[in-house]
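Now for the letters of each chain:
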Amino acid sequence: MRRASPRSAGRGQALGGLGAGSRARAAAGSRGQRQGPASCPGRAGPGRAGAQTRDPVNVRCFSQETRWRAGGLAGSPADGHSAAAPWTPRAGQRLAQVPQSPRVACLRRGEAEARRFQRPGRRRDLERARDGASVCRREFRTSWTGIQQLFLRKSFLVSNVPDTMSSGDDCQPQIFTKPALGEKEVTELVDRVFGLKVVWIRLLPSYDDQNFHVRVSRNKDVAEDADEYVLKITNSEDSQEPDLIEAQTQAMMFLSAEGFPSATPYLTKDGNVMSLESGDTGPGNKKYMVRLLTYLPGTPVAKIATNTQIFYEIGKLAARLDKALSEKFHHPSVKSLHRGQFIWNLANVPLLDQYIYALGQNKYREVVEQVIEQFKGKVIPKLSSFRACINHGDLNDHNILVDSSSASLENPQYRVSGILDFSDMSYGYYVFEVAIAIMYMMIESPDPLSVGGHVLAGFESVLPLTEEERSALFLLVSGRFSQSLVMAAHTALLYPENKEYLMITAKTGWKHLMKMFEVGQEAVEKTWFETAKAYTNHAPAK
């Protein structure tokens, strides 16, 4: 989920070599015919030979459409978009590697005919170029979904977006990094690395890592008195950053020592908190960082009937956690938490431009684009005025465990019994944490717009927000909705077998985000701030 690294500009080429120079020659023509705009197939400028004037335009427009479609973008000339997107040699090479199919063959045929047209003295190839372009345009309009799936499943997705292109960034392939170890491999791994015998194992749902709930015995001959742990296998991309994983693990150990309900690692045979191990037998011989963490009891917030009391407690927890990390956690690895381009850091909402193609063209995409633009104009300029801290970054309804602290069925009271998943830790701002907590607690409430006030009240009982921070809260919550919904759609395209888990937030998330914008920032903030104010001279609402 990283942003594509910058590349040199000016390398755009068509799939089969229709570079800028070739297109210019096609536009001029061997006899100086004038061409119509390249943004619309079939249109021609005034020329002496109508058919010959239209044909190069068709060829050029088809090449443009090819680049847009194969580039993974929803927009294209056929969709009513006139802006052209650059093509790169790397993207062409990836397309050349895709196994033959009618659609891919169609792409190649049209481009091959277009190249033949460029050669001097080949007038008879003009008709072939026109026919090839016409056939392939029809293919695109009727069966683009199939070729898109082919690209995604073969890992040839090209995540090009206009904003990235304009800055000269090159296309980057989306690499599949999630581990896929089986139970037998996991059992052997636990024995080899930690010296423990697995007596029971269960796969847990996860986003881009792989987690197993295991019961283990220290005595290989006795399965009684088994201890429970979570084996966490970090994805191959993040596994290349051992300092970052070290910082996350040390933070968990620190918080546990400070009295927070956080997991701690079981040491390897070598006395380390983690170990880099070879993973599945797929291409590239990927390596994954492995940790064995204590299993925390409790029920995820997502599985309880939430109330205002637990919302207040979660807000309070968010402030206490960030405050402790920022003021007392000083491990040398902490510098790795400066994660400038990390897509899940709230400061990087504008980077969603790279992934928004996954939404297609609909009303949801329009709202996300609106969030991004407002975020750029109203939040980014204020960042320097926010108070900095270390964020947990993912206090969602599945990462917070609770236990009931009362016997009342009508008005249950809860206490937080576990904080999970520190993989999104990064340097950020206090207001980021409360915004993230508000967004995810909205998912679990039948009255989502009122939730923010209760979470905010709990947070401000520890750390009151400044006026600047409060004024950004609406867009920060909207930004987190956008991050979660866009990245879930993007990742579900890559891992369709995990779609049910990835799209959990989307079940109600879109409805809540749309409702926030329908009601408007002023009304939503008024509800939040008045609710939080009511807590000032009273105990938390029950």
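Look up: the structure comes first, before these words.
Here's a quick rundown of the structure. (Residues numbered from 1 in each chain as written. Predicted model: local features only at pLDDT ≥ 70, side-chain atom pairs only at ≥ 80, totals over all residues. Heavy atoms only, no water.)

Some thoughts on the environment of K287
- Counting through the fold element by element, K287 comes out in strand β6 (residues 287–294).
- A relative accessible area of 39% places K287 in the partly exposed class.
- Taking the C-alpha atoms as reference, K287 lies 7.2 Å from S239; in sequence the two are 48 residues apart.
- Side chain to side chain, K287 and S278 meet in a polar contact 3.0 Å long. (Helix = DSSP H or I, 4+ residues; strand = E, 2+ residues; numbered from the N terminus. Buried < 20%, exposed > 50% of the residue type's maximum accessible area, 1.4 Å probe, protein only. Polar contact = N/O pair within 3.5 Å; in protein donor to acceptor, adjacent residues only side chain to side chain.)

Re the pairing of strand β3 (residues 227–233)
- Of all seven residues in β3, five are buried; the element is thus mostly enclosed.
- As defined by bridge partners, strand β2 (residues 210–217) adjoins β3 across seven bridges and the pair is classed as antiparallel. Of the residues in β3, the one forming a bridge with V216 is D227.
- Pairing between β3 and β6: five bridges, direction antiparallel. Bridge pairing in β6 links V230 to L293. (Pairing = 2+ DSSP bridges.)

Observations concerning the sheet that holds strand β7 (residues 299–300)
- What the three strands build is an open sheet, ordered β7-β9-β10; its pairing is antiparallel. Either end of the sheet is taken by a strand with one partner, and the two such strands are β7 and β10 (414–419).
- Of the pairings in the sheet, the one linking β7 to strand β9 (residues 400–404) comprises two bridges and is antiparallel in character. Bridge pairing links P300 to L401 in β9.
- Running at roughly 40 degrees to β10, helix α9 (residues 308–328) makes contact with β9 and β10 of the sheet. (Contact = heavy atoms within 4.5 Å. Axes fitted to C-alpha atoms, helices over the stretch in contact; angles between N-to-C directions.)

Comments concerning the nonpolar core
- Judged by nonpolar contacts, the single largest core of 98 residues is most densely connected at L325, V431, V434, L476, V477 and F481.
- The leading source of residues in this core is helix α11 (residues 430–443), at 13 residues.
- With near-sequence residues (within four places) excluded, V477 lies in contact with A435, I438, M439, M442, M516 and W528.
- Within the second largest apolar cluster, 18 residues are counted, among which are V190, V193, F194 and F212. (Core = buried A, V, L, I, M, F, W, Y, C linked by side-chain atoms within 4.5 Å.)

Some remarks on the pattern of salt bridges
- Counting across every chain of the model gives 13 salt bridges.
- The partner of E469 in a salt bridge is R387, with the nearest N and O atoms 2.7 Å apart. Of this pair, E469 sits in helix α13 (residues 467–471) while R387 sits in the loop between α10 (363–378) and β8 (388–391), and the two are 82 residues apart along the sequence.
- Overall, the relative accessible area of 0% leaves E469 in the buried class.
- Here R387 falls in the partly exposed class, since its relative accessible area comes to 27%.
- For K515, the salt bridge is made with E518, and the minimal N-O distance between the two is 3.9 Å. Linking K515 with E518, this pair stays in helix α16 (residues 506–519), spanning three residues, or about one helical turn.
- Owing to a relative accessible area of 38%, K515 belongs among the partly exposed residues under this scheme.
- For E518, a relative accessible area of 62% translates into the label exposed.
- Counted as one network, the salt bridges with shared partners bring together D353, E373 and K376. (Salt bridge = Lys/Arg side-chain N within 4 Å of Asp/Glu carboxyl O.)

Some thoughts on the packing of helix α8 (residues 242–257) against α9
- Look at α8 against α9: their axes get within 11 Å of each other, and the N-to-C directions meet at 110 degrees. In this view, α8 runs roughly perpendicular relative to α9, as classed from their interaxial angle. Between α8 and α9, the contacting residues are A251, F254 and L255 on the first element and L321, A324, L325 and K328 on the second.
- Among the residues making up the contact of α8 with α9, the classes are represented as six nonpolar, no polar and one charged. (Parallel < 35°, antiparallel > 145°, perpendicular 65-115°, else oblique. Nonpolar A, V, L, I, M, F, W, Y, C, P; charged D, E, K, R; others polar.)

A word on the side chain of N211
- You can see N211 is positioned in strand β2.
- Relative accessible area serves as the criterion here: at 12%, N211 is assigned to the buried category.
- Of the polar contacts made by the side chain of N211, one reaches the side chain of K232; its length is 3.4 Å.
- Not counting chain neighbours up to four residues away, the residues in contact with N211 comprise R202, L203, L204, P205, S206, V230, L231, K232 and I233.

What about the layout of surface pockets?
- Quantified by volume, the largest pocket comes out at close to 1,200 Å³.
- Taken together, 46 residues form the lining of the largest pocket, with P205, H398, N399, L420 and Y501 sitting closest to its centre.
- The set of elements that each furnish at least two residues to the lining of the largest pocket consists of β1 (197–204), β3, α8, β6, α14 (473–494) and α15 (499–502).
- Of the residues that constitute the lining of the largest pocket, the class distribution is 21 nonpolar, twelve polar and 13 charged. (1 Å grid on protein atoms, 1.4 Å probe; cavity = no way out; pocket = protein on both sides within 12 Å on 5 of 7 lines; lining within 4 Å. Points joined across faces, edges and corners; volume = space filled by probe spheres on them.)

Remarks on unusual backbone geometry
- For D421, which is not glycine, the phi dihedral falls at a positive 55 degrees.
- Counting through the fold element by element, D421 comes out in the loop between β10 and β11 (426–429).

What to know about the pairing of β2
- Most of β2 is tucked away, with seven of its eight residues classed as buried.
- Examined bridge by bridge, β1 and β2 share seven bridges and lie antiparallel to one another. In the strand pairing of β2, L204 is matched with N211.
- The turn joining β1 and β2, which pair antiparallel and follow one another in sequence, is formed by five residues.

Considering the packing of aromatic side chains
- Under the criterion given, the structure shown has eight aromatic pairs.
- Arranged with centres 5.5 Å apart and planes meeting at 40 degrees, the rings of F254 and F329 form a pair that is tilted. Residue F254 is found in helix α8, and its partner F329 is found in the loop between α9 and α10; the two are separated by 75 residues along the sequence. Like F329, F254 is buried.
- Their ring planes at 80 degrees and their centres at 5.9 Å tell us that F386 and Y429 sit as a pair that is edge-to-face. Here F386 is found in the loop between α10 and β8, whereas its partner Y429 is found in strand β11, with 43 residues between them in sequence.
- Ring pairs connect the aromatic residues F194, Y229 and Y266, which therefore count as one cluster.
- The side chain of R215 reaches across the aromatic face of W200, ending 4.4 Å from its centre. (Phe/Tyr/Trp six-rings, centres within 6.5 Å; stacked < 30°, edge-to-face > 60°. Lys NZ or Arg CZ within 6 Å of the ring centre and 35° of its normal.)

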